[in-house]
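# A look at the structure
The chain contents come next:
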Amino acid sequence: MQSWRRKALLLALSASWLLVLLGAFPLLRLAVPTRPRAGASQGWPRWLDAELLQSFSQPGELLEDAPEPPQGPRGGSCDWGACFDASKCRGGGLKVFVYSAAGPVSETHRRILASIEGSRYHTSNAAEACLLLLPLTRDSSAGECSPVPPQWNGGRNHLVLSLHPAPCPRTFQLGQAMVAEASPTVDTFRHGFDVALPLLPEAHALRGGAPGQLRQHSPHPRVALLALAEERGGWHTAGTNFSACPWDGRCEQDHGPEQTHPGATLPNATFCLIPGHRPDASHFLQALQAGCIPVLLSPRWELPFSEVIDWTKAAIVTDKRLPLQVLAALQQMPLTRVLALRQQTQFLWDAYFSSVEKVIHTTLEIIQDRIFGASAHPSLLWNSPPGALLALSTFSTSPSDFPFYHVQQGSRPVGRFSALIWVGAPGKPPLKLIQAVAGSQHCAQILVLWSSEKPPPPRWPETAVPLTVSEGHRKVSDRFFPYNAISTDAILSLDAHSSLSTSEVDFAFVVWQSFPERMVGFLTWNHFWDEALGGWGYTAERANEFSMVLTSAAFYHRRLRAGGPGRSRSPQSATASIRWRQGSATCPWCPPASVWTQCSSRTRCPYYARSIAAWRSPRREQRRPQPYSRGRPICLGGAERGGSASSLRTGQSRRPVSQCGRSRLANHSPSAPEGGPSPHPPVPQLAAVPLCAAPALRLCGAGADPLPAMPFSTSLPS
Amino acid sequence: MPWAEECEEGAVWVIMCAAVKYNLRGPALIPRMKTRHRIYYITLFSIVLLGLIATGVFQFWPHSIESSNDWSVEKRSIRDVPVVRLPADSPIPERGDLSCRMHTCFHVYRCGFNPKNKIKVYIYSLKKYVDDSGVPVSNTISREYNELLTAISDSDYYTDDINRACLFVPSIDVLNQNALRIKETAQALAQLSRWDRGTNHLLFNMLPGGPPDYNTALDVPRDRALLAGGGFSTWTYRQGYDVSIPVYSPLSAEVDLPERGPGPRRYFLLSSQTALHPEYREELDALQARHGASVLVLEKCTNLSEGVPAVRKRCHRHQVFDYPQVLQEATFCMVLRGARLGQAVLSDVLRAGCVPVVIADSYILPFSEVLDWKRASVVVPEEKMSDVYSILQSIPQRQIEEMQRQARWFWEAYFQSIKAIALATLQIINDRIYPYAASSYEEWNDPPTVKWGSVSNPLFLPLIPPQSQGFTAIVLTYDRVESLFRVITEVSKVPSLAKLLVVWNNQNKNPPEDSLWPKIRVPLKVVRTAENKLSNRFFPYDEIETEAVLAIDDDIIMLTSDELQFGYEVWREFPDRLVGYPGRLHLWDHEMNKWKYESEWTNEVSMVLTGAAFYHKYFNYLYTYKMPGDIKSWVDAHMNCEDIAMNFLVANVTGKAVIKVTPRKKFKCPECTAIDGLSLDQTHMVERSECINKFASVFGTMPLKVVEHRADPVLYKDDFPEKLKSFPNIGSL
């Protein structure tokens, strides 16, 4: 009985199991909808006879193209190859002739002229020019904008430049002329031929320009996320909790702190939304300067200099038809990207947009790059600091030749240096110095520039490295001439009467390798504003800070001597009170010869005005008394090289610690208003003081302590 | 394949059920049975088991049968595709609209609900189109177009839901204009279900135009459809709307061509095209006459023996060369315009690592919207053709090698196969629609070796932060209140201190009452943490408002105010670096073949301790969210080496060394147990060495940089009145 029941039970159980197993699966499959089968069932089928399919072109077809005579341009359109005659630009590079205005010279015209004259592009002879520049200005004589110029020639090799949108209709056909105008639409813009300019405000600085307004890398946590450009000018900031308010002007319903900034006030926000109307083009530059990432809500406008500038690194061009997507993307943008975009806005502003001169030079540089073809600036040079106006493609087109891109390229400067010894008037061969330098393990060659009246001695000491003597140079700045004989990146510039030891040279070179973009020297100077003379002065006295190192003993990169003669500007003409011969700026991006015009005011030296102000402020004086009298400038060409050399000889440089570079940092007092105007009248012609104040630090050997240095028993793997 | 997945599921079910049954019934019952019954039950169980197995088999079989139906449906023959008859009067789309741009002709709303910033692409199913009289409009599909559609279908872009698609790709093959009837193809396009004037439709065409005038864009009327075309000229290319693609070279794809590294080659300049305009041929001959053996101009072979494919051979006088192998013998290779602007030879040339010299005025190079052709090619205007030799000779050798490398990389990444071409095209369109998620210039153009070697410093702008902003000191503490209060008092004397943040890492004990804390001139905040972890020290707290952060231990009371202020000044000059006081070094131990941590007196420094160090607060963010591998959890588990991890992180992202300030070597003071008290311990050193080895393996490289200098105040140790110095109170070792 029991067993029977058990049997029955078991039978029932097993039967039900079977049923469950058999029934459940089909039921389950019915109940659970099958997942969409990605790719396989609904996707493009794998044809059974795919192997038999024929190729899209027959074997001979690609090769046997019927020959056809080259076609000329069709339609009214132009491109670079068809409408520009580059043969005129051979040899001398880009030479630009600017038409003078027929009537009274307008302000815009004057500024364009001023920024081209004195540049290396300028020529006053229309016949030898390869580019003829016709400025279109709005305030020339009534009615017409500009008459057809004399050498028009159908517009060939002409650049019609309108900095401000011209209100008057053009009275002539553009023909084959290139057009450089502010914010053109993508519909009319001819890629690779026209140049897109930024829409400059009327009062844009001619030279130098205001620095970017970004004061810190990362956005402040409390800063508004969005600012919206308003139609009448001005900005409207929305709080961080925003909806799709920037569209359709529904921002009023938005919660959170709101603010309206009228007129020229620059927004303090992370992203600046700019709708696509034409007047908004000026907002673009405002946002760029403020370090507020421009978000263009319309792709209709060609961005300025889009041919060379990679705007994806500094701005976001999007479509306002996807509002939720855009807002979500902005909210979720990783901090890393925000940081990169913000920094790029500042770099671009400083490099290409902050002054009329930079805008014009960038335009010409773009055209020159087209002429150069293969030896044009690589994209990296345009899009990373210090920018293509300072990293000249005539020096090299390879980024690793410049001191600025080692980190990006993962490269290092070449591990040797060339010593350049300048022998001045006394004409005594610097034998001791040569021995000391030649003893350095890093020295590759020694070059003696014999500039004395006396003839050089016939015999020179035997050295381990090649020694070259070249004569006949009289000018002091010849020491910066880019001699072809120099094969290394690093150059040690020396005066004959400097005295250095081998280990000092070695150490300085090691430091330079860490900072190839800076000058690394032994003796320092400082600059200051001299109220009595109304100009800048310098001092060699010992102080807590410095801004220059003397090239009587300093390392610098080869590229710094390649400023190019056309770009240099005589320092004497720039200011009356300083002779800049001996000291060269520590500002790493300025070739010594072109310090004046080319060093951006901000790249390395953002606080020059304030620093000087603070330096003079009584409060600061109490804290850090200056050991020298500021009323007595030691400039005016008074300090002879001998003076500095004597301090070199007084044993300062003997101590390993003092061979370390010294620099000074702008120590502006907190009372100085941020970004406020300089208390000093700007020096005429002098756009910015390029000298970089540096912190009160110098670099010393890590083992410079009075303890025995541990010799390494182990070494690093190669 | 989906049925396979379900089968596996079924099998798992069966086994699991069997196991359950056996466990429940079998072992529990059998021991109590009599022998007779046992046999009976065993038989019963075997029947049940057999039943189960049969179930499993049953589950298995029907599936495969059903699936094989699917399979046969899927694996159809091209001959079986449905035929569509086009009436002679069916509508024709308008000709291509030259003024089309993304913001005018593209319906971006359709892409609004695509997740992950990826457009969705729908492919129309294949049909065979015939005209009224039953004559086919074109070959149904070519091998390349089939490959192309397969590639799209296999990619992330593909969707089979026509309603969610943002981009439509017709299956009508227009790769070669010569192989189709223009009017009828246009009619076929117009009757596609979502045609809507061609909005959001993408056509692929490699050989546009036909004799005699060879237009540079597809002649099929296509209205607003996007065109991915090979051989665009500036007159027909709609910048920012069309995509310029390469002309695929099916012949060379069959040849196995091993990569050849850059460097000088036998011929300086080579021309391999056979069908050239006589004018160009004359120019080439003149070039060869002028420059002799360094220029090689190849022609079609005339007297080849039978069976040798003519397309694989090129001749110069009586010499016969293999094509495309001969391209590897030249530094520069000509790509001249033929009847069409786009030439398949470009692809061959790139593949051979030969730098293309493109002589085709107004030609839009493939993918020129994203690729920087200046890095891989030389474009010479047609009128300058006679100067081409001198133009090329003016390029320095290093740049040539760079271009050769770049050319080969372009081929590998974007030209190699139909799939590469299709995906690059879709990526370009995708980047236009989601510009905030677009690939950067570097991602498109840098070869992998460069991407690997380069460092993109996140703080690349040499921006000197204003001194007035000051710094935030972060003190990590557990329960050493007395020492903590002394640190707070000392640090608060530093003029540039803006805020003090105490990270209270002890969950078992409350921080002292407000009234007990020292009164200081700056805001003091206490943050309580949820867990006692070392990484709390590097958390990007919202309270940090300054860019500079001073990380300081709760027992570092020996640093003077001058030292700290000076450290801050140095940090401002180098905001992307770690600026700290005691320096440490990593060394390679040749005996043990691994890295070793060194805290003894050395001439070099590669790390600074974060017991007191200034850095940018961005590195807090990186440490917390972007630390590679398991380093963060490793540090928390070992309660050690957080400073080494920070040194690795900063050196890795910036590619720069640390800055050591002041002569200070150790944090030693008589009354406190400094961290270096521990450091002297031998086991501690071993542990630190282990950290370095661990981190180096996680980073895959040794990012630390060794320097031989440190920063001291300008007048440090100078013979100068102490009271006139900015930082007189710089402590000793």
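Residues numbered from 1 in each chain as written. Chains lettered and ligands numbered in written order. Predicted model: local features only at pLDDT ≥ 70, side-chain atom pairs only at ≥ 80, totals over all residues. Heavy atoms only, no water.

## Examining the overall build of chain A
Scanning chain A from terminus to terminus reveals 16 helices and 23 strands. Looking at chain A residue by residue over its 718 residues, the buried ones come to 58%. (Helix = DSSP H or I, 4+ residues; strand = E, 2+ residues; numbered from the N terminus. Buried < 20%, exposed > 50% of the residue type's maximum accessible area, 1.4 Å probe, protein only.)

## Examining the overall build of chain B
The secondary structure content of chain B amounts to 21 helices and 25 strands. Relative to its full complement of 733 residues, chain B shows a buried share of 61%. Excluding contacts between residues fewer than 6 apart, the proportion of contacts in chain B whose partners are at least 24 apart in sequence is 76%. Carbon together with sulfur atoms contributes 54% to the accessible area of chain B, which is approximately 29,400 Å² in total. (Contact = heavy atoms within 4.5 Å. Areas by Shrake-Rupley, 256 points an atom, 1.4 Å probe, with all protein chains shown as cover.)

## Section: the domain arrangement of chain A
Residues and elements named next belong to chain A. Parsing chain A into structural domains produces domain 1 (80-197), domain 2 (210-247 + 265-351) and domain 3 (417-557). Summing the contributions of domain 1 and of domain 2, the shared interface buries around 960 Å²; its carbon and sulfur component is 55%. When the buried surface of domain 1 facing domain 2 is broken down by residue, Ser183, Val186 and Ala196 rank first, second and third, together holding 42% of it. Linking domain 1 to domain 2 there are 4 residue pairs in polar contact (both at pLDDT 80 or more). (Domains from an automatic or database assignment. Buried area = accessible area lost by both parts, 1.4 Å probe. Polar contact = N/O pair within 3.5 Å; in protein donor to acceptor, adjacent residues only side chain to side chain.)

## Some points on the state of the cysteines
The tally for this structure, following the rule as stated, stands at 6 disulfides over all chains. Here Cys272 of chain A is linked by a disulfide to Cys292 of chain A, with a sulfur-sulfur distance of 2.0 Å. Across the S-S bond linking Cys272 of chain A and Cys292 of chain A, the dihedral sits near 115 degrees, which makes this disulfide right-handed. Taken together, the positions of Cys272 of chain A in strand E9 (residues 269-274) and Cys292 of chain A in the loop between helix H4 (281-290) and strand E10 (293-296) put the pair 20 residues apart, joining distant regions of the chain. Looking at Cys272 of chain A, the relative accessible area reads 0%, which means it is buried. On the basis of relative accessible area, Cys292 of chain A is assigned to the buried category, the value being 0%. Here Cys641 of chain B is linked by a disulfide to Cys691 of chain B, with a sulfur-sulfur distance of 1.7 Å. Across the disulfide from Cys641 of chain B to Cys691 of chain B, rotation about the S-S bond amounts to roughly 80 degrees, and the bridge is consequently right-handed. Separated by 50 residues along the polypeptide, Cys641 of chain B in the loop between helix H18 (631-638) and helix H19 (642-654) and Cys691 of chain B in helix H21 (residues 682-699) bring together distant segments of the chain. Just as Cys641 of chain B is buried, Cys691 of chain B falls in that class too. (Disulfide = S-S within 2.5 Å.)

## Focus on unusual backbone geometry
The linkage connecting Pro385 of chain A with the following residue, Pro386 of chain A, adopts the cis geometry, with an omega of 5 degrees. Position of Pro386 of chain A relative to the elements: it lies in the loop between helix H8 (379-383) and helix H9 (406-409). The omega torsion across Tyr323 of chain B and Pro324 of chain B is 5 degrees, close enough to zero to call that bond cis. Mapped onto the secondary structure, Pro324 of chain B falls in the loop between strand E11 (319-322) and strand E12 (330-336). A positive phi is found at Arg317 of chain B, a non-glycine position, where the angle reads about 50 degrees. Relative to the elements of secondary structure, Arg317 of chain B occurs in the loop between strand E10 (313-316) and E11. We classify Arg317 of chain B as exposed; its relative accessible area is 68%. With a phi close to 70 degrees, Cys641 of chain B is a non-glycine residue in the positive phi region.

## A short note on the pairing of E11 of chain B
Residue and element names in this part refer to chain B. Where E10 and E11 come together, 4 bridges link them in antiparallel fashion. Of the residues in E11, the one forming a bridge with Lys313 is Asp322. Count of turn residues in the E10/E11 antiparallel hairpin: 2 residues, of which Arg317 carries a positive phi of about 50 degrees. (Pairing = 2+ DSSP bridges.)

## Quick look at the pattern of salt bridges
According to the stated counting rule, one finds 36 salt bridges over all chains in the structure shown. Note that Arg238 of chain B and Asp242 of chain B form a salt bridge whose closest N and O atoms lie 2.9 Å from each other. Measuring nitrogen to oxygen at the nearest pair gives 2.6 Å for the salt bridge that ties Glu369 of chain B to Arg432 of chain B. You can see Glu369 of chain B sitting in the loop between strand E13 (355-359) and strand E14 (378-379) and its partner Arg432 of chain B sitting in helix H12 (residues 418-433), a full 63 residues away along the chain. Exposure remark for Arg432 of chain B: the relative accessible area of 16% places this residue in the buried category. Sharing partners across several salt bridges, the network here consists of Asp310 and Lys313 of chain A together with Glu442 of chain B. (Salt bridge = Lys/Arg side-chain N within 4 Å of Asp/Glu carboxyl O.)

## Observations regarding the sheet that holds strand E16 (residues 520-521) of chain A
All names here are of chain A. Strand order in the open sheet made by the 6 strands is E14-E13-E12-E15-E20-E16, with mixed pairing throughout. Of all strands in the sheet, those bounded by a partner on one side alone are strand E14 (467-471) and E16. In terms of strand pairing, strand E12 (residues 417-423) meets strand E15 (residues 490-495) through 6 bridges, oriented parallel. Across the sheet, Phe417 pairs through a bridge with Ala490, a residue of E15. Against the sheet, helix H10 (residues 431-438) makes contact with E12, strand E13 (443-450), E14 and E15, and its axis sits at roughly 160 degrees relative to E13, the strand it touches most. Of the strands in this sheet, E12, E15, E16 and strand E20 (553-557) are in contact with helix H11 (residues 502-514), which crosses E20 at around 30 degrees. (Axes fitted to C-alpha atoms, helices over the stretch in contact; angles between N-to-C directions.)

## Digging into the sheet that holds strand E7 (residues 243-244) of chain B
Residues and elements named next belong to chain B. Taken together, the 3 strands give an open sheet; going across it, the order is E5-E6-E7, and neighbouring strands pair in parallel fashion. Where the open sheet ends on each side, the last strands, each with one partner, are strand E5 (202-205) and E7. Pairing geometry for E5 and strand E6 (residues 226-229), over 4 bridges, is parallel. Note on E6: the bridge partner recorded for Leu202 is Leu226.

## A short note on helix H6 (residues 335-353) of chain A
With 19 residues, H6 of chain A should cover 27 Å at 1.5 Å per step; its first-to-last C-alpha distance of 26 Å lies within 8% of that length. Burial within H6 of chain A is extensive, with 15 of its 19 residues counted as buried. (Expected span 1.5 Å × (residues − 1).)

## Let's talk about the packing of helix H11 (residues 397-415) of chain B against H12 of chain B
Residues and elements named next belong to chain B. Closest axis-to-axis distance for the H11/H12 pair is 7 Å, and the angle between their directions is 80 degrees. The angle between the axes of H11 and H12 places the two elements in the roughly perpendicular class. Together, Ala413, Tyr414 and Phe415 of H11 and Ala420, Ile421 and Ala424 of H12 make up the contact between the two elements. (Parallel < 35°, antiparallel > 145°, perpendicular 65-115°, else oblique.)

## Remarks on the packing of aromatic side chains
Inspection of every chain in the model, using the stated rule, returns 47 aromatic pairs over all chains. Measuring from centroid to centroid gives 5.5 Å for Phe97 of chain A and Tyr99 of chain A, while their planes differ by 85 degrees, and the two rings are edge-to-face. Both residues of the pair, Phe97 of chain A and Tyr99 of chain A, count as buried. Seen in terms of ring centroids, Phe538 of chain B and Tyr623 of chain B are 4.7 Å apart; in terms of plane orientation they differ by 55 degrees. Their pairing is tilted. Of this pair, Phe538 of chain B sits in the loop between strand E17 (524-528) and strand E18 (548-553) while Tyr623 of chain B is found in helix H17 (residues 618-625), placing the two residues 85 residues apart along the sequence. Phe538 of chain B sits in the buried class, given a relative accessible area of 0%. (Phe/Tyr/Trp six-rings, centres within 6.5 Å; stacked < 30°, edge-to-face > 60°.)

## With respect to H11 of chain B
Taking 1.5 Å per residue as the helical rise, H11 of chain B with its 19 residues ought to reach 27 Å, and the 25 Å between its terminal C-alpha atoms agrees with that figure. The complete set of buried residues in H11 of chain B reads Gln399, Ile400, Met403, Gln404, Gln406, Ala407, Arg408, Trp409, Phe410, Trp411, Tyr414 and Phe415 of chain B.

## Some points on the environment of Leu44 of chain B
Relative to the assigned elements, Leu44 of chain B resides in helix H3 (residues 35-74). Judged by relative accessible area, which is 12%, Leu44 of chain B ranks as buried. Among residues more than four places away in sequence, those in contact with Leu44 of chain B are Leu10 and Leu11 of chain A.

## Let's talk about the nonpolar core
Grouped together as the largest cluster of nonpolar side chains are 102 residues, with contacts concentrated most on Phe271 of chain A together with Phe106, Ile119, Phe204, Phe367 and Ile433 of chain B. Looking at this core, the element that brings in the most residues is H12 of chain B, giving 8 residues. If you look at the next biggest cluster of nonpolar residues, it comprises 71 residues, including Val423 and Phe507 of chain A together with Tyr581 and Phe727 of chain B. (Core = buried A, V, L, I, M, F, W, Y, C linked by side-chain atoms within 4.5 Å.)

## Some points on the confidence of the model for chain A
Taken residue by residue, chain A gives an average pLDDT of 67. The fraction at 70 or more is 61%. Confidence drops under pLDDT 50 across residues 704-718 of chain A; counting only partners more than four residues distant or on other chains, this segment forms 31 contacts. (pLDDT = per-residue confidence, 0-100.)

## Here's the deal with the side chain of Glu504 of chain A
All names here are of chain A. Looking at where Glu504 falls in the secondary structure, it is placed in helix H11. Overall, Glu504 belongs to the buried group, its relative accessible area being 2%. Polar contacts involving the side chain of Glu504 include one to the main-chain amide nitrogen of Ser501, which spans 2.9 Å.

## Topic: the confidence of the model for chain B
Residue and element names in this part refer to chain B. Per-chain confidence: chain B averages 84 in pLDDT, with 89% of residues scoring 70 or above. Predicted confidence in chain B is weakest over helix H1 (residues 2-24), with a mean pLDDT of 38, and strongest over E7, with 95. Reported for the predicted complex are a pTM of 0.76 and an ipTM of 0.78.

## Some thoughts on the environment of Trp382 of chain A
Residue and element names in this part refer to chain A. Here Trp382 shows up in helix H8. Looking at Trp382, the relative accessible area reads 1%, which means it is buried. Contacts of Trp382, omitting those with residues within four sequence positions, involve Val308, Phe347, Tyr352, Thr362, Glu365, Ile366, Asp369, His377, Gly387 and Ala388.

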